[in-house]
Structure formats: C-alpha cells, structure tokens
Amino acid sequence: MKILVCIKQVPQKDAPLKLNESGTWIREDVSYEVNEPDAYALKEALRQKEKHGGEVVAITAGPARAQHVEDPGFVGLDAFNTARAFAAAIKDEKFDLIFTGLQSDDYGFAQTGVILAELLGWPHATIIMQIEKSDGGIKVKRELEAGYFQFVEVPLPAVLTIQSGINKLRYATLIGIKQAKNKPLRKVTLAEVQAAMSANLQKIERMYIPHKTKKTEYLEGSASEIAKKLVDKLRNEIRVL
Amino acid sequence: MPETILVVAEQREGKLNRVSWETLAAGQAIAAETGWVLEASVIGDSVGSVASEIAGKKVAKVYDVESPELKKYTPDAFSAALKEFLTSKQPKLVLMPHTYQVRDFIPKLATAMGRTVISDCVGFRKDGDKVLFTRQMFQGKFAADVSFNCDAPWFVTFQNGAFRGDKVEAGSSAAPIESVKVGISQGIVRNNPQEVFKEAKQAVDLTQAEIIVSVGRGIKEQKNIELAKQLADALGGEIAASRPICDSGWLPMDRQIGSSGQTVAPKLYLALGISGAIQHIVGMKGARSVVAINKDHEAPIFEIADVAVVGNLFDIVPPLIEEVKKAKAGN
C-alpha cells in the first residue's frame, strides 16, 4: 500500500504565544513541532507499511522550515485551500490511502482530510481507531460519541482521519519523524499548484485573548466553614441538592 | 424576502440528539439579532416524529427531509441529500451541532457546493452588515472572529455547550412541517457501515450527567481517587478526570473530560485539583456551574469558576462529603 500522510507544524505546546501587531495571527517567532494528532497518523501509516509493505510519503505546507509544498504563500490558508494545494501537488502520484490527524492544535478545523477526499472524488472515514485490509478495500473502526464504535467497509483509494488513541506514541516516533529529513524530498512551489487555489473562503477578522465571562466568588474560612458555605450554594443557587 | 437561517437537527435512530436544541437556540439568537427567518430541518428515514418535536419550538417552518437511503448514516448519502435540499432552498446560513457525525460529512457537503464551514464556533457577533462567528484557536488560548468570504449558503457548526439548549424558545403554535423527498442515485454510497456497538467494557456517557466530580493531578495518588468517588456518590453524580489521571490508569479513559475525551455540560462541574489546562477546559466550559477547589490561586481553572476555593482538597472534601450527606438526609 502506498500511503500519503498530511502533516502540519504547530507551535510547541508550552510555547508562549503572542498576538501579532494587526491582531489577526500569532507572532511567528516561536518554536514549532509536529501537530500531535498528525504524529499518530504517521505512526499508523508506518505500522501499516510494516504489515503490508508499500511506501509512506509525507506532505506538509508552509514556509522554508517545512518540507514539500514550500512557499510563504502557503501560510494562512484555510482548510479548503490547503486541501486544494495538496490535491494539485499529488495529482501525478497514485496513493491507496491518505491519512491526516484528527485536527490541528492551531486552527482546529477538523476539515482538511474530508475536503481532500471530496476534491479527489474518494470516499473517506473519520476518527479512525483501527484499520484492517479486507477484500477490495479496508475495514476501519470509527469512534462515535458516548463510547460507541462502528466498523465501516471502505473501498480504496480512501482518506482516513486518525484518532489519537489508535497507537501509542513514543519519543522514538518523534525522533523517527526528525530522521525523515534524510529521505528524498520533492519541493512543490506555489506556482505549481496556484491555479487550483483561490482566495480563502473564510477570513480571521480579529484574534484576541478570550474574555473572562464569569464572575468568580471565593469561599473562605476553615475547611468546615467552607464545606457548609459550599453546600448552601449547591442547594440554593446551583440547585443540585 | 428576508434571508433564511436553516438549522439541521441531528437524529439517531429516529431520536433527536438533544445537542440540536443548542443549535436551535443559536439560530433563535441569530434570528433575533439579524431579523432573518429561522427554519429547521431533520434528515433521515421515517423521522417525522423528530420534525414534530422541533415544530413545537419557535421556528417558521420545519422540513422533514427523507429518503430510504438515509436510514443508515453514510457521509455520501447525507451529503448528497443535503446538497440537493440546500440547492433548492438557498438559505443564507446553515447551522449544525459540531458532533462527530456532522464533522464527518459537513466539510464534504460544503466542498461539493464550493463553500466553506466555520467549524466548532462558540458564539456569533453582528458587526455592521457582517455576521462574525467566534471560534477558539490554539486550543482556546485565543479566540477569533471569523467572517465568510464567499456566497451563501454559509455553513457553521457550534461547539457542544456553546448555547443553552434548555433556553430554546417554544413557539406560540406548532410550526408547519413540509415533507421533502430526496432522491439518492444508485452507486453514490461507497462506504458500508455496520452496526453501532459499545466495547465490551461498559463505557460511560458523561455527556448526559447532571453532576460531575472531576479530579486532576492534585489528587496526587491513585488511592485518593476513592475520596473523590465518595463525594460523587454523596452528590449522586459521576466521577471524571483530566487526561493525566486517565493516562496513568487511575480512572478508565472513558472518564476523561477534554479535547481528547468527552465534552460535557452538566449542571454542576466540581473540579478537584484540576489546574485547568485548555485541553481540559474545552471539554467542560459548557457546564452551568463550575466549582473549583485547588491550592494554587493562579490555577487557570479559577478563570472559569463560579465558585472558587483556594485550599487543600484533602482538608475540604471530607467535611464537604459530610455536609452533603446531611443536606440530602434533611430533604
């Protein structure tokens, strides 16, 4: 199986983020790391390759510090344009499967994979916990809400968005991702795929620190006084007793 | 003709998913602000009773969109049915809850129509002629007001708990229901979904819980979980936890609240020793009341707490259990 994995970089989890001057994005002078949900997708692709053979290719979009689809023009794309750039970049290659992470830790659209499937005319399945080969395709386990699951048979080629619990990420996985630097790399310029793209269909007008909407009441006193005050609130204000 | 807002309610097995009431409440709020007409729809096979239930609320009209091909959910059939329906109705704004099912098909639907989805919104704001939708960025560290830069229909999904489902306004009389039959051509559905199941181990649905006692790193040791359980039992609530507790195996993964766990909106969320990392907050900020006990007065959980206790949970929880028991016995 030939599997493409879509990966993006996001600011490191503990990076102190500041707004840019126009208040529309963050200041970019922070350290980046692989979007964690995408690391699960990559790990799963490598696992599938171990089982069934084939090849794993990664694609990412961004400025020079990323690989593959490479141009500052790829910064700030909405999910629709990211998917269109990817679809155009891979048009001459034949993949059986495309994996994406569940969503990104920056925008959190949770859309790019499904949009890519629609652009390619492929079926898709989201929030995948398990992948097995079956006759003529694959059988995947989807996570539903409230502890429910469902097996779905999907013909190939297909796009899957991968849920975090599907495998155990170890530090070694991330080291492995870094070693990918030594793999063959094809750079795709904006000019190659621009014809497939358009202006973003949605626009961030303003970004800001969320307003505090709640008024917090602090309870003080000894432990038993606090317990009494709290029960009074639970009974008379919150009304759960 | 005024513009139209269309809410697409979610049903499972012919039963309304109650998160749809939140989406309807959002639709009512946007309608009140913009003067646009609010309509609702439900799609499936034999979902007339769901349409009737929605028609009792303050909406101008309810569409009962049906096809036998919609009996089992597939992204192909749901997307095709809605594309046909929306193309004929041309609403300005299409609202849906940000459920796993909607996430599975709405990007496909919008793409098939050459449109975009502003997903996982927590609010909206009218700004002159524009309607802006607020969504969280960088896991809640920032909020962004986002506008559409394309023609209608505009697709928006709302985060669970962003609006109050119990505040949805009832109508003065039942809204008219229009039955719409959609044709889904042969061969359009490619996936073959099998029966929905639960894992052998009983998974708990915390989204329906009215009272949740949740523990974080401040609980320190596995044996101390028992103390939180006693409090949950005294209150008649469920026990839950932040991610590190479940990663350590002190409570099962299905008790985890947060971006990688469940999103809940109980009447009471009592947070014990939870610092309030954003990954946790996104899963519980829809709670009607948040009570937080934490010894660190700078813990971010206090930012969203209604009632805050800065102190050692091991001092406060034992007398609290006793007081709760007394209060219950007095009822």
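See the structure shown above.
Residues numbered from 1 in each chain as written. Chains lettered and ligands numbered in written order. Predicted model: local features only at pLDDT ≥ 70, side-chain atom pairs only at ≥ 80, totals over all residues. Heavy atoms only, no water.

Considering the nonpolar core
Then, in step 1: The biggest cluster of nonpolar side chains holds 78 residues, and the ones touching the most others in it are A:Ile26, B:Leu24, B:Ile54, B:Leu93, B:Phe133, B:Met137 and B:Phe158.
Then, in step 2: Broken down by element, this core gets its largest block of residues, eight residues, from helix α2 (residues 79-89) of chain A.
Then, in step 3: Beyond its immediate sequence surroundings of up to four residues, A:Ile26 is in contact with A:Pro11, A:Leu17, A:Lys18, A:Leu19, A:Asn20, A:Tyr32, A:Met207, B:Phe138 and B:Phe142.
Then, in step 4: Counting residues in hydrophobic clusters, the runner-up holds 39 residues, among them A:Leu230, A:Leu241, B:Ala241 and B:Ile316. (Core = buried A, V, L, I, M, F, W, Y, C linked by side-chain atoms within 4.5 Å. Buried < 20%, exposed > 50% of the residue type's maximum accessible area, 1.4 Å probe, protein only. Helix = DSSP H or I, 4+ residues; strand = E, 2+ residues; numbered from the N terminus. Contact = heavy atoms within 4.5 Å.)

Points about the pairing of strand β10 (residues 154-158) of chain B
Residues and elements named next belong to chain B.
Then, in step 1: The buried count for β10 comes to five of five residues, which makes it a mostly enclosed element.
Then, in step 2: Side-chain alternation along β10 places Trp154, Val156 and Phe158 on one buried face and Phe155 and Thr157 on a second face that is also buried.
Then, in step 3: Where strand β6 (residues 93-97) lies against β10, five bridges are found, and the strand directions are parallel. Of the residues in β10, the one forming a bridge with proline 97 is phenylalanine 158.
Then, in step 4: With three bridges joining them, strand β7 (residues 117-127) and β10 adopt parallel strand pairing. Residue pairing for β10: valine 117 is matched across the bridge by phenylalanine 155. (Pairing = 2+ DSSP bridges.)

What about empty space enclosed by the protein?
Then, in step 1: All told, the structure shown has four cavities of 30 Å³ or more when counted by the stated rule.
Then, in step 2: Considering only enclosed or pocket space, the largest cavity measures out at about 120 Å³ in volume.
Then, in step 3: Around the largest cavity, the lining is made up of 13 residues, and of these A:Pro11, A:Lys13, A:Asp105, B:Gln139 and B:Lys141 lie nearest the centre.
Then, in step 4: What the second largest cavity holds in volume is close to 70 Å³.
Then, in step 5: Lining the second largest cavity we find B:Val8, B:Ala9, B:Glu10, B:Gln11, B:Ile43, B:Phe78, B:Leu82, B:Met96, B:Gln101, B:Val102 and B:Phe105. (1 Å grid on protein atoms, 1.4 Å probe; cavity = no way out; pocket = protein on both sides within 12 Å on 5 of 7 lines; lining within 4 Å. Points joined across faces, edges and corners; volume = space filled by probe spheres on them.)

Overview of the pattern of salt bridges
Then, in step 1: Applying the stated criterion to the full structure yields 25 salt bridges over all chains.
Then, in step 2: The partner of B:Asp104 in a salt bridge is A:Arg142, with the nearest N and O atoms 3.9 Å apart. Of the two residues, B:Asp104 is situated in helix α4 (residues 100-112) and A:Arg142 in strand β9 (residues 137-143); the pairing between them involves two chains.
Then, in step 3: Relative accessible area serves as the criterion here: at 5%, A:Arg142 is assigned to the buried category.
Then, in step 4: Taking the shortest distance from any N to any O, the salt bridge between B:Lys61 and B:Glu178 comes out at 2.6 Å. Taken together, the positions of B:Lys61 in strand β5 (residues 61-66) and B:Glu178 in strand β11 (residues 177-181) put the pair 117 residues apart, joining distant regions of the chain. (Salt bridge = Lys/Arg side-chain N within 4 Å of Asp/Glu carboxyl O.)

Brief notes about the interface of chain B and chain A
Then, in step 1: At the junction of the two partners, chain B supplies 77 residues and chain A supplies 77 residues.
Then, in step 2: Between chain B and chain A, roughly 7000 Å² of surface is buried when both sides are summed, and carbon and sulfur atoms account for 57% of that area.
Then, in step 3: Its largest share of buried area at the contact with chain A, chain B owes to B:Tyr100, B:Phe138 and B:Phe142, together 11% of the area lost on that side.
Then, in step 4: One can count five salt bridges joining chain B with chain A.
Then, in step 5: At the junction of chain B and chain A, the tally comes to 34 residue pairs in polar contact (both at pLDDT 80 or more).
Then, in step 6: Elements supplying a minimum of two residues to the side of chain B that touches chain A: α4, β7, β8 (130-137), β9 (142-148), β12 (192-198), β16 (289-294), β17 (307-310) and α8 (313-330) of chain B.
Then, in step 7: The dominant element in the side of chain B that touches chain A, judged by the number of residues it contributes, is α8(B), at eight residues. (Buried area = accessible area lost by both parts, 1.4 Å probe. Polar contact = N/O pair within 3.5 Å; in protein donor to acceptor, adjacent residues only side chain to side chain.)

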